[in-house]
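# Breakdown of the fold
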Amino acid sequence: MTLVSAGSSAAQRRALPQLPVTVAAVFAMLLLTALFQLPDPMIRHDDYPALLSDPSLFYSKTLTEGRWINYLWHLRGYVTPAWLNYLVYQLLWAVYLGCLVHNAFGREAETWQRVMVALIAGLGLPWVLISLWFNTLIPGLAIVALYAWLTTRLSERACRWLMLIFVPVSLMAYTTYPFLILGLSLTRAGVARSARDLAGLLALFIASFALGMLAIYSLNYAVHGVFGVPMAEWRNPSPARDLASALENSKLAWQFLASLAQKGAYNNWVLALMQAVLLACAVWVVLRQDKWRALYLLSGAAMGVALICVQVIRSGIDMPVRSGGFLWIFGAVFIGLFAIALRDSGRARLSRNLLFAVTAVYVIFGGLTHRVLTEWHRVSQVMAAELVEGQGPVYVTGTYLSLEAARKSDLQKHHSVAFRLHHLTGREIVMCESRPEDCAALPDELRAGLQGRKGFEVRQVEGGSVLMLSPEALRQDKLEAARQLRQSD
């Protein structure tokens, strides 16, 4: 009896470091993948208010998106550098991913296998894209990471009841974060599963989600006088009012799913096909080995997709691909269970090679995407070097859509240029494209922009500087392009 107890205690001591080691390894790999982001991370235009701790620029999103937790973060009153915020964001993401795989596989997988599955889950394109709002998302991801850590310390029953707190709060940070919380329960190993238990879990989640929506609606009514969340113009809302409009909006839901399949594979159809085949095999194997475990995972993915599609059909909005990132959580666990099944059937080498290959693909594609997305920051540093010595406002003529760097980095609005250059130079940035009246005093040849060539040129004028860009756009404005696409349908 003594020997057994001593052996058990020793095993527990050896097992204790597994979670921190997993988190540390995942964190290191996330940073390696995002290596080009670390010195000067790419920031989306509407993420600058969070970086600069300016609540006035974010206030409207409390009404149109219900993101009250993010608004409180903007009120913090101090500013930390972007590189530090990016490290914090990635650390919180690593904590969530590490806890996810720690709970999902228990003693079924070794540490390196858990790290591989965590990277597959965390490096899906939707997560790479949403990471460009890292300044804004820090508080929401901290809430999710805290819940994930609690799931490694508390019983499943306690964690489920905590959903009544964490789901509503995370919903007020980012719409799909509640699905990360649900995923922790649905993927957990070593729990009794049944139809009744699954129905109870999903019912509790739905109640928690509804409680979050009620909280958002109530706050909007108390502060804005609107009981609801009216959609912002950039989402191109077209609310369904009857069966015909609902059917029309269902096309948008289908477009979102098709885009998720294509762009979620880094816009590579070969990779998309390989992912589909691999996932189908994984689901089939897990269904045969443990039906209820597979059904728990599938129910989480289905519920998330259903809620998104209902929202699209109801409101007729354009749903970005980054909203579907939670699907990679369930998909990665399926792939991990598939690899374990291969190992246990005597195909350890195939299992190992499969995990290494899939992880390598995600690391490589994720790294290349980070490299391309930071192109604007590299070019803007060159611009700032020529502008930093001047004084007065900087008048930007031509269009930011003419910049190859803007196309590669997928700049979404002219505010991306204004915020970035102001952040680098401290000077007022006047975008003549959107404020032509403020540029009326400029000479015609400067106001016309850079003619006949691409790139940029800086000219000094009395009381300021002119940053000349080409007036010939390489692509359309995203909002206008989305509207035209709808009209063509």
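Every value quoted in this text rests on a predicted model; they were computed, and no experiment measured them.

## What to know about helix α12 (residues 195-224)
Spanning 30 residues, α12 covers 42 Å between terminal C-alpha atoms, matching the ideal 44 Å at 1.5 Å per step. Considered for burial, the residues of α12 that qualify are Leu198, Leu201, Leu202, Leu204, Phe205, Ser208, Phe209, Gly212, Ile216 and Asn220. Residues of α12 that are buried in the fold lie against α4 (60-64), α5 (68-74), α10 (156-171), α11 (177-186) and α15 (291-315). Downstream of α12 by a residue or two, Gly225 has a phi angle that is positive, lying close to 80°.

## A look at the nonpolar core
Trp93, Tyr96, Leu97, Phe105, Tyr177, Leu180 and Ile329 are the most contacted members of the largest nonpolar core, which totals 136 residues. Ranked by size, the runner-up nonpolar core spans nine residues in total, among them Val430, Cys432, Leu446 and Val466.

## Quick look at the side chain of Ser402
Along the chain, Ser402 falls in the loop between β1 (394-397) and α19 (404-408). Among the polar contacts listed, one links the side chain of Ser402 to the backbone oxygen of Ser470, at a separation of 3.0 Å. Beyond its immediate chain neighbours, meaning those up to four positions away, Ser402 contacts Lys454, Leu469, Ser470, Glu472, Ala473 and Leu474.

## Some words on the pattern of salt bridges
Evaluated as defined, the whole model comprises 19 salt bridges. Across the salt bridge formed by Asp40 and Arg420, the nearest N and O atoms sit 2.5 Å from each other. On the criterion of sequence distance, the pair formed by Asp40 in the loop between α2 (18-33) and α3 (48-51) and Arg420 in helix α20 (residues 415-425) is long-range, its members being 380 residues apart. No difference in accessibility class separates Asp40 from Arg420, as the two residues are buried. Within this structure, Asp46, Lys61, Glu65 and Arg67 form a network of salt bridges that share partners.

## A look at the state of the cysteines
Taken as a whole and judged by the stated rule, the model has one disulfide. There is a disulfide in this structure between Cys432 and Cys439, and the S-S distance comes to 1.9 Å. In this structure the cystine formed by Cys432 and Cys439 twists about its S-S bond by roughly -90°; its chirality is therefore left-handed. In this structure, Cys432 and Cys439 share a single accessibility class: buried.

## Section: the packing of aromatic side chains
This structure, assessed with the given rule, holds 16 aromatic pairs. Here the aromatic rings of Phe179 and Phe326 are separated by 4.8 Å at their centres, their planes lie at 35°, and the arrangement is tilted. With Phe179 in helix α11 and Phe326 in helix α16 (residues 326-344), this residue pair connects regions lying 147 residues apart in the sequence. Take Phe179: its relative accessible area is 3%, and that puts it in the buried class. Residue classification places Phe326 among the buried positions, given a relative accessible area of 1%.

## Let's talk about helix α7 (residues 111-122)
Helix length check: α7, at 12 residues, gives a terminal C-alpha distance of 16 Å against a target of 16 Å (1.5 Å per residue), a fit within 8%. Across the 12 residues that make up α7, a large majority, 10, are buried. Listing the buried residues of α7 in full gives Gln113, Arg114, Val115, Met116, Val117, Ala118, Leu119, Ile120, Ala121 and Gly122.

## A closer look at the sheet that holds β1
Spatial ordering of the open sheet is given by β2-β1-β4-β3, a layout of four strands whose pairing is mixed. Edge positions in the sheet fall to β2 (429-431) and β3 (456-461), since each of these pairs with one other strand and no more. Put simply, the sheet's adjacent strands are angled 20° from each other on average, direction ignored. Judged from the four bridges that link them, β1 and strand β4 (residues 464-469) form a sheet pairing that is parallel. Paired with Val396 across the bridge in β4 is Leu467. Along the sheet, helix α18 (residues 375-387) contacts β1, β3 and β4; its crossing angle with β3, the most-contacted strand, is approximately 20°.

## Side note on the packing of α16 against helix α17 (residues 348-373)
One can describe the packing of α16 onto α17 by two numbers: an axis separation of 7 Å at closest approach and a directional angle of 155°. The angle between α16 and α17 places the two elements in the roughly antiparallel class. The chirality of how α16 crosses α17 is left-handed. The segment α16 lies against α17, with Trp328, Ile335, Phe338, Ala339, Ile340, Leu342 and Arg343 engaging Ala348, Leu350, Ser351, Leu354, Leu355 and Tyr362. Classifying every residue of the contact of α16 with α17 by side-chain character gives 11 nonpolar, one polar and one charged.

So, how was this worked out
- Residues numbered from 1 in each chain as written.
- Predicted model: local features only at pLDDT ≥ 70, side-chain atom pairs only at ≥ 80, totals over all residues.
- Heavy atoms only, no water.
- Helix = DSSP H or I, 4+ residues; strand = E, 2+ residues; numbered from the N terminus.
- Expected span 1.5 Å × (residues − 1).
- Buried < 20%, exposed > 50% of the residue type's maximum accessible area, 1.4 Å probe, protein only.
- Contact = heavy atoms within 4.5 Å.
- Core = buried A, V, L, I, M, F, W, Y, C linked by side-chain atoms within 4.5 Å.
- Polar contact = N/O pair within 3.5 Å; in protein donor to acceptor, adjacent residues only side chain to side chain.
- Salt bridge = Lys/Arg side-chain N within 4 Å of Asp/Glu carboxyl O.
- Disulfide = S-S within 2.5 Å.
- Phe/Tyr/Trp six-rings, centres within 6.5 Å; stacked < 30°, edge-to-face > 60°.
- Pairing = 2+ DSSP bridges.
- Axes fitted to C-alpha atoms, helices over the stretch in contact; angles between N-to-C directions.
- Parallel < 35°, antiparallel > 145°, perpendicular 65-115°, else oblique.
- Left-handed = near helix turned anticlockwise from the far one by under 90°.
- Nonpolar A, V, L, I, M, F, W, Y, C, P; charged D, E, K, R; others polar.

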